[in-house]
Amino acid sequence: MASEKSSRFVILYASQTGNAEWIAKNIHQEASERGFVNECYVMEEIDKFDLSKENVLILVTSNTGDGDPPDNATKFFRFLRKIKSNTFLSHLKFTILGLGDTNYTNFNNTAKRLEKRMIDLGAAPFYNKGLADDAMGLETTVDPWIANLWPELVKVCVQKGKDNNNTQVENIIESVKTLSINGKTESNETSLPLETPNGQSVDKKMGIASGTKIMLDLSELAKVEQFTALPRIPTVICKIIKSNEERIINSPTLPTLINTPTPIVNTRLDAVRCLTHPEALKRTIHLELEIKDYREKLEFIPGDSFGIIAPNNEKLCLGILKTLEIDENEANQEISVESAEGTELPSHLRNAKSTSIIELLRYGVDLNSLPRKALLRLLAEYTTNEEEKKTLLFLCSKQGSVQFNLLREQVPTLLDLLITFPSSKPPLERLLDVLPPHQPRYYSIVNSPLVNRDLLHFAFNIVDYKTPVPYNVRKYGVCTPWLDNLSGYAKEINKRVPLTTDINIPIFMKPNSNEFAVPSDISRPIIMIGPGTGVAPFVGFIQHREQQIIAERKLNNIEKTFGEMWLFYGCRDIEKDYLYREELERFSENGFLKELLVVISRAPNAGLNGNPKYVQDLLRKRGQEIYELLDQKNAMIFVCGDAQGMAKGVNDALADILVEHGKIQKSDALKILTQWISDKRYLRDLVR
Ligand code: NAP
């Protein structure tokens, strides 16, 4: 009944990389246009809303790490946890949209936990939760979830008369035949490549990237009568305001655009060491940053990680400026980004004051991530060529979903999109409305402060790969090629090269929320599993315990019981990519590392006749001892590395060990492992 409906609702979001924020704000905007009174807050702003007074709530949350809540959800979770009454929210109806990734074991764990807690406190769902999967493309779930939200929302919330001037809401279907550009029809000549040369081309003379045209098969487009399920035209949010006086802005010494959880400091690049042979499949670099001027700001223990703020590739930024016809002078002028009336700037652009366009491209927005449909829709609005407009609308419609996925397989940059649709010249402020935030890159600390407090060691693979056949386009990461370049492309395996020139790397510490750290109880055994660069934090773990043992021996002069340390490590070729071999063998020889178990995945007999290939095979082989460590000595398990195959393989192996040696059912073994994860006895630091 209408009288029972709420007059308003609230949207709360928790976002790690900006996606949940963007989606929540879009729901907020569309709901307002549809005549719903609503407000939108980030979950941590708990003093801005009062759940005891709200009747309808929409929660949008992403996940971080292994299904953990984003940092800006922590306060809200704590608030919900403290409530004792199970009827506290019995007046409230709610729904949840979770953004997760099936490559992680705890898929959309945050949304699931949140739903359970809300129900435990008496709230009732009014619409089934949506669990979007980044592995499949978030839009596959998010778009239909939002489309079906409105008829459900109207059952619990009052919808006032629609704004008749707004055609956006209805504008989700477009007839192909009536498509036109500003009322006039352009020539039908298409500039879209069906076949393009491979490889990212660079304008050699200018040192400016010129992008790679995207391959599109448009044969289906000719058959389409109308496009359905089009995303809305993105809302106008950002305004670029030029400073009154023409003033050239120099790049600040520290990047100021990115919001970070702890202060940014400029560290000095002190030394580099290449950890792999030139013929190794992946190139891995170890770097050392001098932090002695920041001892207080940069406290760390092994297991912690830190963020590096690397700029977007300069040639790419210049290529985008050139394509958008923004000259160098304009790009360096002082500007500020403000919000359009009635809107709020996305949080990643709130610091964009007294900055410049080139700084926004370097540090403000992500130019490389997979394009959202909203970006294609925006480009369609600014095309002056009808064929291009039709293609862009096709790509973001239901009819073009196969081609949209093929476009994403090519991992196009913003520049690739702009040169594939050359008639589209959106103003930069419109692009700011839809581009995701530029992200810092996180690395595990390799060293213990007990050995050296003045240096931070870390290691990484250089991200450099080709998109699949037939595209075959070379792609680079943002941060790792930048670091490789700054450190001089070190070649000789395991030779430490001190760097004498002043090279600054802006970093900040990441708060360690998942307790991935050496246990303070030094008698507790630890089982560490980390193939590839996943071994990085464990070098620090072992160093740390080694120092603790040495200190304890000096202090007490008695032999105390120290927990055994076991390390399971995997690489492809013992001569080419056995990372930190010297250090690990030394730990093993002097007895601090009880077991160093290395498996070589590309050895001729790997995986044949019962020979192990991966770390999980070695775990099974040593199953009896692993079981005893877990069952009798309360050992902890740490897993670091790839979330996709390895983490699952290791989890299965651990479950099999519990089944075989503990004589229990597989389902019970899996329950025990889940319990150990929540008890922080089984800790994982995983990256996709
Ligand atoms: P990698 O070089 O790709 O692989 C290391 C070894 O793991 C190879 O022998 C590989 O064998 C094997 N492997 C492949 N599939 C496996 C599976 N399903 N189960 C078990 N082993 C498997 O490793 P990487 O690229 O360094 O990966 C480490 C991951 O850790 C990355 O995602 C990285 O981002 C992440 N990480 C890095 C840091 C850091 O500080 N740098 C910290 C935390 C996490 P084959 O190739 O022969 O199959």
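Calculation notes
Residues numbered from 1 in each chain as written. Predicted model: local features only at pLDDT ≥ 70, side-chain atom pairs only at ≥ 80, totals over all residues. Heavy atoms only, no water. Phe/Tyr/Trp six-rings, centres within 6.5 Å; stacked < 30°, edge-to-face > 60°. Helix = DSSP H or I, 4+ residues; strand = E, 2+ residues; numbered from the N terminus. Buried < 20%, exposed > 50% of the residue type's maximum accessible area, 1.4 Å probe, protein only. Pairing = 2+ DSSP bridges. Right-handed = clockwise from strand over helix to strand, strands pointing away. Near = heavy atom within 4 Å. Polar contact = N/O pair within 3.5 Å; in protein donor to acceptor, adjacent residues only side chain to side chain. Axes fitted to C-alpha atoms, helices over the stretch in contact; angles between N-to-C directions. Parallel < 35°, antiparallel > 145°, perpendicular 65-115°, else oblique. Contact = heavy atoms within 4.5 Å. Patch = residues over 30% accessible without salt bridge, like charges linked within 9 Å, V, L, I, M, F, W, Y side chains within 5 Å. Areas by Shrake-Rupley, 256 points an atom, 1.4 Å probe, with all protein chains shown as cover. Salt bridge = Lys/Arg side-chain N within 4 Å of Asp/Glu carboxyl O. Lys, Arg positive; Asp, Glu negative; His and termini not counted. Charge placed at Lys NZ, Arg CZ, Asp CG, Glu CD. Left-handed = near helix turned anticlockwise from the far one by under 90°. UniProt positions renumbered as here; feature names shortened; annotations may be inferred.

(A) Region of the structure containing the packing of aromatic side chains. By the definition in use, this model includes 19 aromatic pairs. Centre to centre, the rings of F538 and F541 are 5.4 Å apart; their planes meet at 85°, and the pair counts as edge-to-face. Of this pair, F538 and F541 both sit in helix 14 (residues 536–556), three residues apart, which is roughly one turn of that helix. Exposure remark for F538: the relative accessible area of 0% places this residue in the buried category. Its relative accessible area of 0% is what places F541 among the buried residues.

(B) Examining the pairing of strand 2 (residues 38–42) more closely. Extensive coverage of strand 2 is indicated by the burial of four of its five residues. Examined bridge by bridge, strand 1 (residues 9–14) and strand 2 share five bridges and lie parallel to one another. Residue pairing for strand 2: F9 is matched across the bridge by N38. In this view, the connection linking strand 1 to its parallel neighbour strand 2 by way of helix 1 (residues 19–33) has right-handed handedness.

(C) Main features of the site of the ligand. The full set close to the ligand counts 22 residues, and K282, T533, S601, R602 and Y614 are the nearest of them. Side-chain polar atom of K282 to an oxygen atom of the ligand: 2.7 Å apart, as the coordinates give it. Take M646: an N or O atom from its main chain is 3.5 Å from a nitrogen atom of the ligand. Those elements that place two or more of their residues in the shell around the ligand are strand 16 (441–444), strand 17 (455–461), strand 23 (565–571) and strand 25 (636–642).

(D) Inspection of the packing of helix 17 (residues 623–632) against helix 18 (residues 646–662) at higher detail. Put simply, helix 17 and helix 18 touch, their axes get as near as 9 Å, and they point 90° apart. Relative to helix 18, helix 17 is oriented roughly perpendicular. Residue-level inspection shows G623, Q624, I626 and Y627 of helix 17 in contact with helix 18, the latter providing I657, L658, H661 and G662.

(E) How the structure looks around a positive patch on the surface. On the surface, a cluster of positive charge is made up of K75, R78, R81, K82 and R113. Considering each element in turn, the positive patch owes the most residues, four residues, to helix 2 (residues 74–82). By secondary structure assignment, the location of R78 is in helix 2. Take R78: its relative accessible area is 40%, and that puts it in the partly exposed class.

(F) Local environment of unusual backbone geometry. Note that the residue after V469, namely P470, is joined by a cis bond; omega there is 10°. One can find P470 in the loop between strand 18 (464–466) and strand 19 (474–476). One non-glycine residue, Y580, lies in the positive phi region at around 55°. In this structure, Y580 sits in the loop between strand 23 and helix 15 (581–589). What makes Y580 buried here is its relative accessible area of 2%. Notably, N634 is not glycine yet its phi reads approximately 55°, a positive angle.

(G) Inspection of the packing of helix 5 (residues 314–323) against helix 7 (residues 357–364) at higher detail. The geometry of helix 5 relative to helix 7 is characterised by a closest axis approach of 10 Å and an angle of 130° between their N-to-C directions. The angle between helix 5 and helix 7 places the two elements in the oblique class. The hand of the helix 5/helix 7 crossing is right-handed. Listed contacts from helix 7 to E314, C317, L318, I320 and L321 of helix 5 are I357, I358, L361 and R362.

(H) Highlighting the environment of P506. Along the chain, the position of P506 falls in strand 21 (residues 504–510). Spatially, the C-alpha atom of P506 lies 23 Å from that of L275, the residues being 231 residues apart in sequence.

(I) Up close: the sheet that holds strand 26 (residues 682–687). The strand order across the open sheet built from five strands is 24-23-22-25-26, with neighbouring strands paired in parallel fashion. Two strands in the sheet have a free side with no partner beyond their single neighbour: strand 24 (595–600) and strand 26. With strand direction ignored, the average angle separating the axes of adjacent strands in the sheet is 10°. Direction of pairing for strand 22 (residues 526–529) relative to strand 25: parallel, over a ladder of four bridges. Among the inter-strand pairings, I529 is bridged to a residue of strand 25, identified as V639. Its contacts with the sheet put helix 14 on strand 22, strand 23 and strand 25, and the angle it makes with strand 22 is roughly 155°.

(J) Local environment of helix 8 (residues 373–381). Most of helix 8 is tucked away: eight of the nine residues are buried. All buried positions along helix 8 are accounted for by K373, A374, L375, L376, R377, L378, L379 and A380.

(K) Structural view of the side chain of T383. Note on placement: T383 falls in the loop between helix 8 and helix 9 (386–396). The class of T383 is buried, set by a relative accessible area of 5%. A distance of 2.8 Å separates the side chain of T383 from the backbone oxygen of A380, its partner in a polar contact.

(L) Molecular detail of the UniProt feature "domain: FAD-binding FR-type" (unreviewed entry) in the protein chain. UniProt tags residues 262–519 as "domain: FAD-binding FR-type" (unreviewed entry). Helix makes up 29% of residues 262–519 and strand 21%, and the two end C-alpha atoms of the span are 24 Å apart.

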